[in-house]
Amino acid sequence: KEQKRIIADVKDNFFGAILCVGTFTYGHVKSNALDEFVRITKKFGYICFTVNEGIYKKNKFDKKILELENKNFLKIISKKKSSYIINKNVKSCCA
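What counts and what doesn't
Residues numbered from 1 in each chain as written. Predicted model: local features only at pLDDT ≥ 70, side-chain atom pairs only at ≥ 80, totals over all residues. Heavy atoms only, no water. Helix = DSSP H or I, 4+ residues; strand = E, 2+ residues; numbered from the N terminus. Buried < 20%, exposed > 50% of the residue type's maximum accessible area, 1.4 Å probe, protein only. Areas by Shrake-Rupley, 256 points an atom, 1.4 Å probe, with all protein chains shown as cover. Arc of directions from axis to C-beta. Contact = heavy atoms within 4.5 Å.

### Some points on the overall build of the protein
Phase 1: A tally of regular secondary structure across the protein gives 2 helices and 4 strands.
Phase 2: For the protein, the sequential pattern of α-helices and β-strands runs β-α-β-α-β-β.
Phase 3: Per-residue burial over the protein gives 35% buried out of 95 residues.
Phase 4: Carbon together with sulfur atoms contributes 54% to the accessible area of the protein, which is approximately 6,800 Å² in total.

### Points about helix α2 (residues 61–70)
Phase 1: Turning to α2, its buried residues number three or more, namely Phe61, Lys64, Ile65 and Leu68. Within α2, the buried residues cover an arc of 100 degrees as seen down the axis, which keeps them to one side. When the buried face of α2 is taken as reference, the exposed residues oriented beyond 90 degrees from it are Lys63 and Asn70.
Phase 2: On its buried side, α2 packs onto β1 (15–24), α1 (33–40) and β2 (41–52).
Phase 3: Of the residues flanking the end of α2, it is Asn72, one or two places downstream, whose phi is positive at about 60 degrees.

Spelled out as structure tokens, the structure:
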């Protein structure tokens, strides 16, 4: 079964790098967007993103990242917690 494309007008293996900051948060884009990031990024390209810590497990980013790693579609080079909204003491998971 082919998955519905979220970013329909972008060809497969198009970008050498993707940067996504501030999008994976409450009420915004869900973890299935990572499938599209993988699809539109060239082999050996880079995907850098932040996820608000409050939705990391709730919206299954942890499981989606593990799934993509297990399929060899994604290799985590670095992952850490970092300040996200400093005045509210909110952290993000950066991968």
